[in-house]
Structure formats: C-alpha cells, structure tokens
Amino acid sequence: GAYGLLFFFFRARSCLACPLLRCVLSHQDRSVVSMSSQDGGGGLNLGALSPDQLKQVADQLAQESQRLTESFEGLQSAINKYNRSASTLKKFKDESEGKEMLVPLTSSMYVRGSLEETSKILVDIGTGYYVEKSVEGGTDFCERKVVLLKEHLQKVVDALQQKQQQEQQVRTALAQKQAQAAA
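Residues numbered from 1 in each chain as written. Predicted model: local features only at pLDDT ≥ 70, side-chain atom pairs only at ≥ 80, totals over all residues. Heavy atoms only, no water.

A. Representation of the overall build of the protein chain. Each helix and strand counted, the protein chain has three helices and four strands in total. In sequence order, the secondary structure elements of the protein chain are arranged as α-α-β-β-β-β-α. In the protein chain, the share of contacts with a sequence separation of at least 24, taken over all contacts with a separation of at least 6, comes to 70%. Split by element, the accessible area of the protein chain, about 10900 Å² in all, is 50% carbon and sulfur. (Helix = DSSP H or I, 4+ residues; strand = E, 2+ residues; numbered from the N terminus. Contact = heavy atoms within 4.5 Å. Areas by Shrake-Rupley, 256 points an atom, 1.4 Å probe, with all protein chains shown as cover.)

B. Inspection of the pairing of strand 2 (residues 110-114) at higher detail. Bridging between strand 1 (residues 100-104) and strand 2 involves five bridges; their strand directions are antiparallel. Paired with methionine 101 across the bridge in strand 2 is glycine 113. Taking the residues that link successive antiparallel strands as the turn, the strand 1-strand 2 hairpin has five residues. (Pairing = 2+ DSSP bridges.)

C. Inspection of the environment of valine 146 at higher detail. Looking at where valine 146 falls in the secondary structure, it is placed in helix 3 (residues 135-182). In this structure, the C-alpha to C-alpha distance between valine 146 and isoleucine 79, residues 67 residues apart in sequence, is 5.4 Å. Look past the residues within four positions of valine 146 in its chain and what remains in contact with it is Ile79, Tyr82 and Asn83.

D. Structural detail: the packing of helix 2 (residues 51-92) against helix 3. Viewed as axis vectors pointing N to C, helix 2 and helix 3 meet at an angle of 160°, and their least axial separation amounts to 7 Å. Considered as vectors, helix 2 and helix 3 are oriented roughly antiparallel to each other. Here helix 2 runs over helix 3; the crossing is left-handed. Counted by class, the contact of helix 2 with helix 3 contains 28 nonpolar, 11 polar and 11 charged residues. (Axes fitted to C-alpha atoms, helices over the stretch in contact; angles between N-to-C directions. Parallel < 35°, antiparallel > 145°, perpendicular 65-115°, else oblique. Left-handed = near helix turned anticlockwise from the far one by under 90°. Nonpolar A, V, L, I, M, F, W, Y, C, P; charged D, E, K, R; others polar.)

E. Summary view of the nonpolar core. With 19 residues, the main nonpolar core has Tyr82, Ile121, Cys142 and Leu149 as its most contacted residues. Sorting the residues of this core by element identifies helix 2, strand 1, strand 3 (120-126) and helix 3 as the ones contributing at least two each. In this structure, Leu54, Val57, Ala58 and Leu61 belong to the second largest nonpolar core, which totals nine residues. (Core = buried A, V, L, I, M, F, W, Y, C linked by side-chain atoms within 4.5 Å. Buried < 20%, exposed > 50% of the residue type's maximum accessible area, 1.4 Å probe, protein only.)

F. Inspection of the pattern of salt bridges at higher detail. In this structure the tally under the stated criterion is seven salt bridges. Between glutamate 64 and lysine 163 there is a salt bridge, with its nearest N and O atoms 3.0 Å apart. Taken together, the residues span a long stretch of sequence, with glutamate 64 in helix 2 and lysine 163 in helix 3 at a distance of 99 residues. Judged by its relative accessible area of 0%, lysine 163 is buried. With a closest N to O distance of 3.1 Å, glutamate 143 and lysine 90 form a salt bridge. Remark: lysine 90 occurs in helix 2 and glutamate 143 occurs in helix 3; sequence separation between them is 53 residues. Residue lysine 90 is classed as partly exposed on the basis of its relative accessible area of 43%. Counted as one network, the salt bridges with shared partners bring together Lys55, Asp59, Glu167 and Arg171. (Salt bridge = Lys/Arg side-chain N within 4 Å of Asp/Glu carboxyl O.)

Laid out in structure tokens, this is it:
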C-alpha cells in the first residue's frame, strides 16, 4: 500500500499532551468543593449551600467533566495516530528505493511519486520543526510519545473520575435539599 509522505503531522493534535496536562493539573489543583460537610479542610460545606448554589456547583463540575472528556478523546486520538505511524514505519523499513506510490497532497488529492531513500525520514516534532531520523529512530520516537501520552491519559482519567464523583455528591446533596423543601 501507499505509505504517503512519512512526515508526521501531529502539530496541533498530538502535541495536545502539554496543554491538556496543564488543564488536567489545574483541574486537580483547584477542586471546587470538599465533598464532606464535616471536612475541616476549607472546602465548601454542601449542607450550608442553597439549592441554587448546589445547582451552580454541579453545573460547573459537569462542565469540567466535559472538558476532561474532550481532553481524553484528544489524547486517545493522538495515541492512535502515533501507534499507526509506528506500525507504518515498521512496514516501511522493508520497502525498496524506487517503489512507486501515491503521495497525499490533501486528504483527497494525491500525486504519483517514488521512494528515493528508505533509510531516513523526517519527523514533525511540533511547531513546524522537522528532524531527520532513521526509520528505527522514527519508530522509537513514536513509541516514546505513546508512552508519554498514556501517562497523561491516566492523569485525565483520574481527574475525570474525581470530578464525576464530586458532581454526584453535589447532585445527591441537591436532591436531599429539594426533598426537604418539598416536605
């Protein structure tokens, strides 16, 4: 099959790890509430909040959960792209020079081309910078990025679970307040 231009265009999508991680860490560091009304840790006492305030807190937690879900999806997409690139490079090293192929110009436009060199590739390392690497070096680069992104992904998962638990606790407190008001 055609391997395309083995330039790795991950500039906007795969470099999500850094801003996403900053986002995740900021979400973890600034937890909105401490869920226990007996907590002396300076968090919000859910029992002291009005139903409107509880709804606002729950809505804020839901928005943060949504942002974390989007971060999760972006990281998962980047992991999949790097895995595909590493897999392609493993197949590419067996190709011979002069092999005809289709080179993508856009997602739906190709030109005919041929491989001139199969021992070196250019890897987009972000912000428009390319590094020439051996095929093995490019494969290693992709595999290291996958490991890094998976670490970031786990942090997103942990933060997302925390936000969802907090939201559930706030919604439970809201339901209790509403039940008391109705009684």
